[in-house]
Amino acid sequence: MKMTAELLKEYIKAGGAKIPSDTIIKNGQLVNVMTNEVYPADVAIYKGKIVTVGNVEGYGGEETTIVDAQGKYLVPGLIDGHIHVECSKMSMTSFSKAVTPYGTTSVISGLDEYISVVGMDGLKEVFKEIENLPLRVYWGAPYKTPYTIPQSTIAYNITPEVQKEVQSWPECFGVWETVREAVQTLDEDTMETLAIAHNNHLPIFGCAPMARGKHLNEYLSAGIRLDHESYDHEEIVEKARNGMHILIRESSVTHFLKENIRAVTEVNSAIARRTSFCTDDVHATDILTHGHVDNVVRLAIEAGVAPMTAIQMATINSAEAYRIDDQVGSIAPGRFADILFVDSLEEFNIDTVISKGEVVAKNNKMVVDLPAVERTPLLASKLKCEMTTPETFEYKVGIQNGTAKIRAIESHGAFVRKEKFVTLDVKDGKVVLDVEKDVAMVSVLERFGKNGNKALGFVAGWGMKRGAMASSSAPDDNNLIVMGTNSEDMSLAINTLIECGGGQVIVADGKVTSLLKLPIGGIVTDEDPEVLVAAEAQMHKEIAVLGSSVPDPMFYMSFLPITAIPDLAITDVGNVDCVTLEIFDPITELIED
C-alpha cells in the first residue's frame, strides 16, 4: 500500500484511538523481541498496521473484528534473509502458498533469476503479482547481471546505468548479493554500482564464502553490510568481530546451521544479536515436509540456542540487518501486522498466521485463496535455441585414436567443486566417456538467441551409469544445462526442453522418463506446491535409475554454472576456473596411438 499524507493521518488517528481499529487480537502472550520479554498484551490493527500493543481499551468499534489468541504466544512474522525464490521452481504465488502457512511473511530477494530470463519489464509484472500476496518481498537490485566471471550470456544485463534508475524504485531496498570476486578484481561496473548505492544510502548485501584476513578487509572496505556465506563457525566469528551482520544458511542442499551456530553456542553468545537466518535455495518438498524459517528456528533451539534468541534471529535481527526494522521484525506500533500464534516457544509449531492484518493460515494450511495470475507473453517461456543432434555433444579432439587426459569438475557437495584428472580413450577423433571411471559429459547451451554459444566439459564423482538429465532452470544465467553418459540421450533431453518451452527432464535409453515443465520463463511454475512435490518425487525416482550417487543430482547440476562457487564451473562461454577467473581447456594432454 502506497503511503499518502491522508493515509498517514488515518494511522495517527488510529494510534490515538480516535478512529476504531479494524482488528483486535486479545488474550495473547507478546514475545517482545526488542526487549527480550514475554508478557500479556493485546494488539490493535488498522489497515494492515499495528497501532497499539498492550491496553487496547477504546480502540475497538462496532465493526472491529476480535481475534482470540487463547493464551498463545504472539511472535513477529518470520523473515528469510536471503532467498532465490525462483530456485524453488515455484512462482511467487505458488511460493507464498508454500511458506506463508509456516510463518514466513517476509523475504529478501534479488529476483535475479527472473531478470536473467525476462528482464526488468518482466520483473515489473512479478512485482504486481507480489502486491496481491500475503508475503512481503524486500527486493535488492542485483549488483550486476550476469554474476558470472567471465561474463556468460543472459537475456538482460544490469549495468550501472540501470542501477541509477532502479535504485530509486520504491521496491528497492539495497544492492543484492555482491560477490567477493567482483570486489577483489575492482570490476568497474561493480565499483560504479556500489558508489551509486553509497550515495543513495542503500545497504549493500554480500556473498563472500571463505573470506578471511586481508581478503575480508578489502571486501568490507567496499561497504558490504552483511553476508550469508560462511563455511564454518570461525568464519562467522571473524566476520562478526569485523562489523558484519551475519546470516546462517540452512538450505535444501547446504545444511550449515549445525556448524555455524557454534559461533553463538561455543564462542560468544552475543554474536547472536548480529546473526539471522536464511534458506537461500529450497525445494517445495522440503518446505512441505519440514517447514521453512520455522524449521531453522527449531534447529537452532535444538542446538542449544534459547528460544527467544532463536526467534530474534528469525525476525528483528534480519530486519535490522536490512534496515527494514521500521516495517517488520517486531510487534509494535507502526509496523506491519504480521503476527504468528505459537503454542510453545520451545517446540515452535505455528498455529495461526496473520499477514497484512488478516488471518491467512491455520495449522500450516492456507485459509484464504490466492488469486490466479494472468500471465502475459512476456513471462511465457520460449527457448531461442536450435534443436540439437547427438553430434552436438561429442567432444572432438585433434587426434584420431589414443588417449586424452581431462580436467573434470568433481562435486564435493553442492557448494564445493574440485578438479579431478582422468585419462579417457580417444576413438575416431572423439573422447569416449567411461562410466567405470565415473566420468560424464556436461554441456551448457545459450538459450536466449543471442550468440548460440555451446560449452562442453566433463564431470566426475556423480556415479552416473546411464542416461541424461537437463534443466533450463540453472542459476546464475539459466541457460540450458545437460549432463549425461551418452550423446544420444543428452540430445533428446535438450530437444525435449526446447520443444516444451523449458523445465527439467530425465532421459534413459532413448526415452523421456520424467518431465517437469516450467512455463514461466523456463524457470518456475504456477502449480500448487503439492503438485510440484509429486513431480519432484517422480523425478527423484527416475534420477535414481541413472545411478547418480550425489544427494540431489538435478539441483547439484543446475548449480554448475555458478562461478562464485569454488573451484570450477561451466557456463555457455566455457569451463571456468573460479580461482583464476579464467576459461580453461578440459583437455590437458593428448597422446596418439
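Above this note sits the structure.
Residues numbered from 1 in each chain as written. Predicted model: local features only at pLDDT ≥ 70, side-chain atom pairs only at ≥ 80, totals over all residues. Heavy atoms only, no water.

Caption draft 1: Spotlight on the layout of surface pockets. Roughly 940 Å³ of internal volume is contained in the largest pocket. Forming the walls of the largest pocket are 22 residues, and the residues nearest its centre are Met 1, Lys 2, Arg 136, Gln 327 and Phe 336. Contributing elements (two or more residues each) for the lining of the largest pocket: helix H1 (5-15), helix H3 (112-131) and strand E8 (136-142). Tallied by class, the residues present in the lining of the largest pocket amount to 12 nonpolar, two polar and eight charged. Two domains share the lining of the largest pocket, each providing at least three of its residues, namely domain 1 (5-71) and domain 2 (75-366). In terms of lining residues, the second largest pocket is bounded by 13 residues, among which Val 117, Leu 378, Ala 380, Lys 382 and Lys 384 are the most central. A class-by-class count of the residues in the lining of the second largest pocket yields seven nonpolar, two polar and four charged. Each of two domains, domain 2 (75-366) and domain 3 (390-592), supplies a minimum of three residues to the lining of the second largest pocket. (1 Å grid on protein atoms, 1.4 Å probe; cavity = no way out; pocket = protein on both sides within 12 Å on 5 of 7 lines; lining within 4 Å. Points joined across faces, edges and corners; volume = space filled by probe spheres on them. Helix = DSSP H or I, 4+ residues; strand = E, 2+ residues; numbered from the N terminus. Nonpolar A, V, L, I, M, F, W, Y, C, P; charged D, E, K, R; others polar. Domains from an automatic or database assignment.)

Caption draft 2: Structural view of the sheet that holds strand E28 (residues 574-577). Ordered by their spatial adjacency, three strands build an open sheet running E27-E28-E29, and the pairing between neighbours is antiparallel. Every interior strand has two partners, whereas the edge strands, strand E27 (568-571) and strand E29 (582-584), have only one. Neighbouring strand axes in the sheet, compared pairwise and without regard to direction, differ in orientation by 45° on average. As paired elements, E28 and E29 share three bridges and run antiparallel to each other. Note on E29: the bridge partner recorded for Val 576 is Ile 583. (Pairing = 2+ DSSP bridges. Axes fitted to C-alpha atoms, helices over the stretch in contact; angles between N-to-C directions.)

Caption draft 3: A look at the environment of Tyr 39. Structurally, Tyr 39 is set in strand E2 (residues 37-46). With 83 residues separating them along the chain, Tyr 39 and Gly 122 place their C-alpha atoms 46 Å apart. Every residue in contact with Tyr 39, bar those within four places of it in the chain, is listed here: Gly 28, Gln 29, Leu 30 and Asn 32. (Contact = heavy atoms within 4.5 Å.)

Caption draft 4: Fine view of helix H13 (residues 307-314). Taking burial as the measure, the eight residues of H13 include seven buried ones, the bulk of the element. Turning to H13, its buried residues are Pro 307, Met 308, Ala 310, Ile 311, Gln 312, Met 313 and Ala 314. (Buried < 20%, exposed > 50% of the residue type's maximum accessible area, 1.4 Å probe, protein only.)

Caption draft 5: Inspection of empty space enclosed by the protein at higher detail. Tallied over the entire structure, the rule returns four cavities of 30 Å³ or more. For the largest cavity, the calculated volume is near 200 Å³. Empty space within the second largest cavity amounts to approximately 140 Å³. Only helix H16 (529-546) and helix H17 (553-558) provide two or more residues apiece to the lining of the second largest cavity. If one sorts the elements of the lining of the second largest cavity by residue count, H16 sits on top with four residues.

Caption draft 6: Main features of a nonpolar patch on the surface. A cluster of nonpolar residues, Met 3, Leu 8 and Ile 12, forms a patch on the protein surface that exposes about 280 Å² of accessible area. For Met 3, the position within the fold is in the segment before H1. (Patch = residues over 30% accessible without salt bridge, like charges linked within 9 Å, V, L, I, M, F, W, Y side chains within 5 Å. Areas by Shrake-Rupley, 256 points an atom, 1.4 Å probe, with all protein chains shown as cover. Salt bridge = Lys/Arg side-chain N within 4 Å of Asp/Glu carboxyl O.)

Caption draft 7: Spotlight on the sheet that holds E8. Pairing within the open sheet is parallel, and its eight strands lie in the order E6-E7-E8-E9-E10-E11-E12-E13. Whereas interior strands pair on both sides, the edge strands pair on one side only; in this sheet they are strand E6 (78-80) and strand E13 (275-278). Direction aside, the axes of adjacent strands within the sheet are offset by 30° on average. Direction of pairing for strand E11 (residues 224-227) relative to strand E12 (residues 245-249): parallel, over a ladder of two bridges. Of the residues in E12, the one forming a bridge with Leu 226 is His 245.

Caption draft 8: Quick peek at helix H8 (residues 233-241). Among the nine residues in H8, seven count as buried, and that is most of the element. Every buried residue of H8 is accounted for by His 233, Glu 235, Ile 236, Val 237, Glu 238, Lys 239 and Ala 240. Packed against the buried residues of H8 are helix H7 (213-220), E11, E12, helix H9 (257-260) and helix H10 (262-267). Its side-chain oxygen 3.1 Å from the backbone nitrogen of Glu 234, Asp 232 forms the N-cap of H8. Phi turns positive one or two residues past the end of H8, at Gly 243, with a value near 95°. (Polar contact = N/O pair within 3.5 Å; in protein donor to acceptor, adjacent residues only side chain to side chain.)

Caption draft 9: Fine view of the side chain of His 292. Looking at the secondary structure, you find His 292 in the loop between helix H11 (284-290) and helix H12 (293-302). Accessibility expressed as a relative area gives 2% for His 292, which makes it buried. A polar side-chain atom of His 292 sits 3.0 Å from a polar atom in the side chain of Asp 80. Apart from residues no more than four positions distant in its own chain, His 292 is found in contact with Asp 80, Ile 83, Phe 95, Val 99, Tyr 102, Thr 104, Thr 279, Val 282 and Ile 287.

Caption draft 10: Layout of the packing of H12 against H13. Their axes nearest at 9 Å, the elements H12 and H13 cross at an angle of 145°. For the crossing formed where H12 meets H13, the hand is right-handed. For the pair formed by H12 and H13, the contact residues are Val 293, Val 297, Ala 300 and Ile 301 on the first element and Pro 307, Ala 310, Ile 311 and Ala 314 on the second. Broken down by class, the residue content of the contact of H12 with H13 amounts to eight nonpolar, no polar and no charged. (Left-handed = near helix turned anticlockwise from the far one by under 90°.)

Caption draft 11: Spatial organisation of the pattern of salt bridges. Inspection of every chain in the model, using the stated rule, returns 26 salt bridges. Two residues, Lys 164 and Glu 161, come together in a salt bridge whose shortest N-O distance is 3.1 Å. One end of the pair is Lys 164 and the other is Glu 161, both in helix H4 (residues 160-166) and three residues apart, which spans about a single turn. A residue is classified by how much of its surface remains accessible, and Glu 161, at 53% relative accessible area, is exposed. Several salt bridges converge on common partners, so that one network encompasses Glu 129, Arg 375 and Asp 526.

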